[in-house]
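Close look at the chain arrangement
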Amino acid sequence: MEGDEILMQNIKNILTSYETEYVEDYKKVWIKTKLEKSSDLLEVAKALQENGLRTISTVSATDFLSENKIEMNYFFEDILTKRNCWLKCDIPREIENCSIDSITPLFAGADWHEREVFSMFGIKFTGHPDLRPIIVSQDFYDKTPFRKDFDWDAHEENIVENMNMIAESFANEEEENEKKLDPHGSDTILNWGPTHPASGPIRLKVHCDGEDVISIDPDIGFVWRALEHLVTKKDFIGAIVAVERLCFMDNINSMVGYCQAVEEIAGVEITDFAKYMRVVLGEVARLSSHMMGMAGFYNAMGLHTVMMWNMDMREFFLDFLESYSGARIATAAIEPGGVRYGLQPNMLMELQSALDKFDKTKDDIRAIFIKNPTMKLRAAKLGIITPDEVLDYALCGVVARASGVKTDIRIDEPYAAYADIKMDYVTQKSGSSQDRLIQIFEEMEQSIDIIKQAKKHIEEKIESGEFDPIKDHMVKVPKKLPKGEAISRVEWARGEVLMHLVTEDKATSPYRLKMKAPSFNHTMMLNHLLAGETLSDIPLVFGSLYICQGDLDR
Amino acid sequence: MEMLFHVVVFPGLLYVLLWTVALFWFFRKFMAALHKRIGPSFNGPGGSFQTLFDLSKLLTKESITPKGVNPYLFSMMPLLAATIAMLPTALIPWTPTITVVESQYSLLGLVVLIGIEPFLLFLTGFGSDNKYSFLGGIRILTQMISMETSFFLAALSPAILFGTLSLQSIVEQSTWLSFWILLPGFGLYFIALLGLLEQPPFNIPDAEQEIVYGFYTEYSGTNYFLLKLAEFAEFMAVFAGAATLFLGGFKGLFFESYFCLFIKMIIVAVFMMAIRASTPRITMKHMLDFSWTYLVPLSLLNIAWIMLAKIFIFGAVS
């Protein structure tokens, strides 16, 4: 047996020592299992953690109304050796008995994920240190919006009362803050958001003493659109418009993740041409997102030049997306079965002019903004994330790689045509805010390189007649899907997006889609990174974590 | 009659208003070019009417006074700030003949009037009953104390070199030689000026990403307009002060006129804009560190250099 297989066998050995319904291989790097008893969870999790699976990607619940049970899904990952374990177990559905042990004491990264499941499904996590509702507004407290029997219409009827309730609880909270704090002291609770010039729709409750930050309690959910519920009301193709709204800045890759899950359940293999198109479109979307990410970093320090310069470049990439799909931002260009449109020669010309524009501008940007001494003064020692914290808090993407952790789904679990693309991990060393900026810039260069490779490949194959750019873009996916479930991971602009799709028999729409998005974990880190710093550092660290409220709230 | 002209037209109220509008437009256009944008372009030639329209909009908008503040203090501060920001124009020798108030101590008047301005802005922050404004007020006070030391010391250097506090006679005595001697002083004056005017990288008191808009947060309508007017009128006073003290004022290569002074002021403004477009904001901590470990000691050294130069170079020549 090879080394990898021995390591995988270790996981299997652990799992088989407990009562399980099955232990099976799933894809190349996953082991899928289902526990007989949910009470074993904590022990299994501990054993897995000791075996190296230190990261919990997400916790997802599926409500099976007809079988009167709720199925819990835990996705454990070992980022270093690329082994993953998908653990399931059933718990009762009645709200009184609906509880399970919390794994947060073991896995710090599970904290908010368990709170989310608590808010959406009413599952109580015994032993969770801070089980407050998250994302949902006050009118959803003690309700279970994502359960299949939740009556949304009845809830919407009382919309005025609900709004008054939210306003009231804000006022109450302010009063309580006044009481809690010493009236003669200098402590105060400062709202950083949700209508703050730099925050976007998120509220950080900053407990500060003058300029010094004592603690931060993020309040999220201001752009909660219940996307995971919304997709279940649409058919499999219509769902892509909900999925792409995870965050408009990189909409392509989230659609790729969803479509891969649908294709897996349908048992469809897409064409090579579509795979390469997914790479090209995905990298263009990644670039346009990264450009905004760099801009966000500098905007946090009051310098808008980077944003303007990057916008200038980004327009050319959006021109390409527009020529391909007719839309610049919300493209809806990826569909289950391939990519939505064929490829015309003029589209590749648009792409080439975007690449040229980038090559022409990148040296200026590097000289002025990547090597900027004032930026280094502020960011070089701020918001440092160690590799251990990356693993424990399940950080991913730009943030993880800036700390020197080699993780990139495009390499770890290649999808689309990434297996054929020459690429390597791009990492930094110290994990400071400055490194995260440099990381974004270097990844932009990497993306350009990938686009060039893919574009060359497509052009050669069209030349030789192996690709038919007009016909090859789609294969047929049946309208009705069999019962099944699948997970699919993609390297999104901000990090790992994990889609967990469940379908019923003869399904025309998803039964349950869990979208794990990276900003959720990154926002969890804010208190840890900012306690003890000053008010001036909040926007900078926030900007450097590359957070988008779209995928934070979903 | 002549006095009335000076007060109302040049270099009085109308001139300040025109300067404010024109400088605002120039800042927008210049920043736009640095940002690879176009900037205002619809109204008037090169969008130059845009600022006028903005100004009339602000003047006609409702001025909101928040609950729980002293309305008298709240509305008086912007008025005071604008007035005091305009006063230095009376002291500056705009042309060889036009100085509204000729005084032996006009340099003293200039630096004191410029130096008092942050105090008023600090009071606007205090009077707003808002956490962000309060923090902005504290920040402006901290920055003022750190920056004014070197500002005053830098402004002192021409006075020592020429042995006079009169701006008129400083301009008259300035030569190419004195320009070179005063160059380090000019650099220090310029840096301290950035701090005093809250320009990047020292725009800490109204850092909108951190404390919304600092002391401006609660102001709107006419009051906001007055505060902005105060800011831009102070720009003018400080630029004109820099040009007069260090760059020879209205003196030019071939002729003496207001035009030369104007060009010099614009050069200072362009420098300020270029820094604004390329430098992110630093934090309070870095500002204090920079000010007290580098700027103030260097200003003192500069004074020593000026004294030496006065005795051994300037004195020897003249």
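Residues numbered from 1 in each chain as written. Chains lettered and ligands numbered in written order. Predicted model: local features only at pLDDT ≥ 70, side-chain atom pairs only at ≥ 80, totals over all residues.

A word on the overall build of chain B. A count of helical and extended segments in chain B gives 12 helices and zero strands. Going from N to C terminus, chain B has its helices and strands arranged as α-α-α-α-α-α-α-α-α-α-α-α. Against the compact-globule benchmark of 20 Å for 318 residues, chain B has a radius of gyration of 20 Å, which places it among compact chains. Taking the principal axes of its C-alpha atoms as reference, chain B extends roughly 65 × 45 × 40 Å. For chain B, with 318 residues in total, the buried portion stands at 47%. In chain B, of all internal contacts separated by at least 6 residues, the share reaching a separation of at least 24 is 78%. (Helix = DSSP H or I, 4+ residues; strand = E, 2+ residues; numbered from the N terminus. Rg over C-alpha atoms; globule rule 2.2 N^0.38 Å. Buried ≥ 20, exposed ≤ 12 C-beta atoms within 10 Å, placed from the backbone. Contact = placed C-beta atoms within 7 Å.)

This part covers the domain arrangement of chain A. Residues and elements named next belong to chain A. On domain assignment, one finds that chain A holds domain 1 (3–149) and domain 2 (227–553). A C-alpha centroid distance of 26 Å is found between domain 1 and domain 2. Listed by partner, the interface residues are 21 residues for domain 1 and 22 residues for domain 2. Of all elements in the fold, only β3 (55–64), β4 (69–78) and α3 (111–121) reach the threshold of two or more residues within the side of domain 1 that touches domain 2. With six residues, β3 is the single largest residue contributor to the side of domain 1 that touches domain 2. (Domains from an automatic or database assignment.)

This part is about the pairing of strand β1 (residues 20–26) of chain A. Residues and elements named next belong to chain A. Where burial is concerned, little of β1 is hidden: zero out of the seven residues are buried. Where β1 meets strand β2 (residues 30–35), six bridges bridge the pair, whose relative direction is antiparallel. Directly across from Val-23, in β2, lies its bridge partner Thr-33. What sits between the antiparallel neighbours β1 and β2 is a turn of three residues, in which Lys-27 has the positive phi angle 50°. (Pairing = 2+ DSSP bridges.)

This part takes up the interface of chain A and chain B. Across the contact, 28 residues belong to chain A and 24 residues belong to chain B. Class assignment for the residues of the side of chain A that touches chain B results in 15 nonpolar, 10 polar and three charged. (Nonpolar A, V, L, I, M, F, W, Y, C, P; charged D, E, K, R; others polar.)

Here we take up helix α8 (residues 176–196) of chain B. Residues and elements named next belong to chain B. Here α8 contains 21 residues, and its C-alpha end-to-end distance of 28 Å stays within 8% of the 30 Å for a straight helix at 1.5 Å per residue. The sharpest bend along α8 measures roughly 50° and falls at Leu-182, with the proline Pro-184 sitting one to four residues further on. Just past α8, the residue Glu-198 takes up positive phi, approximately 55°. (Expected span 1.5 Å × (residues − 1). Bend = angle between axes of the 7 residues up to and from the residue.)

As a further point, take the sheet that holds β1(A). All names here are of chain A. What the five strands build is an open sheet, ordered β1-β2-β5-β4-β3; its pairing is mixed. Of all strands in the sheet, those with a lone pairing partner are β1 and β3, marking the two edges. Sheet twist, expressed as the average angle between the axes of neighbouring strands with direction ignored, equals 15°. Running over the sheet, helix α2 (residues 41–50) touches β2, β4 and β5 (83–92) and is turned about 175° from β5. Packing of α3 onto the sheet brings it into contact with β3 and β4, and relative to β3 it is tilted by some 10°. (Axes fitted to C-alpha atoms, helices over the stretch in contact; angles between N-to-C directions.)

This part covers helix α11 (residues 258–278) of chain B. In this model α11(B) runs 31 Å from its N-terminal to its C-terminal C-alpha over 21 residues, within 8% of the 30 Å that 1.5 Å per residue would give. Buried residues of α11(B): Cys260(B), Leu261(B), Lys264(B), Met265(B), Val268(B), Met272(B) and Arg276(B), and no others.

Moving on, we come to the packing of helix α2 (residues 13–34) of chain B against α11(B). Residues and elements named next belong to chain B. Where α2 meets α11, the closest approach of the two axes is 10 Å, and the angle between their N-to-C directions is 45°. By the criterion of interaxial angle, the relationship of α2 to α11 is oblique. With respect to the hand of their crossing, α2 and α11 are arranged in right-handed fashion. Contacts from Leu-23, Phe-27, Phe-30, Met-31 and Leu-34 in α2 reach Ala-269, Val-270, Met-273 and Ala-277 in α11. Tallied by class, the residues present in the contact of α2 with α11 amount to nine nonpolar, no polar and no charged. (Parallel < 35°, antiparallel > 145°, perpendicular 65-115°, else oblique. Left-handed = near helix turned anticlockwise from the far one by under 90°.)

Right, let's get into the nonpolar core. Residues Tyr189(B), Ala192(B), Ala233(B) and Ala242(B) are the most contacted members of the largest nonpolar core, which totals 254 residues. Per element, the largest residue contribution to this core is 17 residues, and it comes from helix α10 (residues 221–246) of chain B. If you count residues domain by domain, this core takes at least three from each of domain 1 (3–149) and domain 2 (227–553) of chain A. Those residues in contact with Ala192(B) that lie beyond four places of it in its chain are Met147(B), Ser150(B), Phe151(B), Ala154(B) and Leu295(B). (Core = buried A, V, L, I, M, F, W, Y, C linked by C-beta atoms within 7 Å.)

Below, the discussion takes up the confidence of the model for chain A. The pLDDT averaged across chain A works out to 85; a share of 99% of its residues lies at or above 70. The secondary structure element of chain A with the lowest average pLDDT is helix α1 (residues 3–16) of chain A, at 75, and the one with the highest is helix α10 (residues 305–325) of chain A, at 89. (pLDDT = per-residue confidence, 0-100.)

What links the strands of a sheet is backbone hydrogen bonding, and the strands pair in either a parallel or an antiparallel sense. Residues and elements named next belong to chain A. With antiparallel pairing, the three strands of this open sheet are ordered in space as β13-β14-β15. Unpaired on one side and paired on the other, β13 (484–491) and β15 (512–516) mark the two borders of the sheet. With strand direction ignored, the average angle separating the axes of adjacent strands in the sheet is 10°. In this sheet, strand β14 (residues 496–503) lies alongside β13 in antiparallel orientation, the contact comprising eight bridges. Opposite Glu-485, over in β14, you have Val-502 as the bridge partner.

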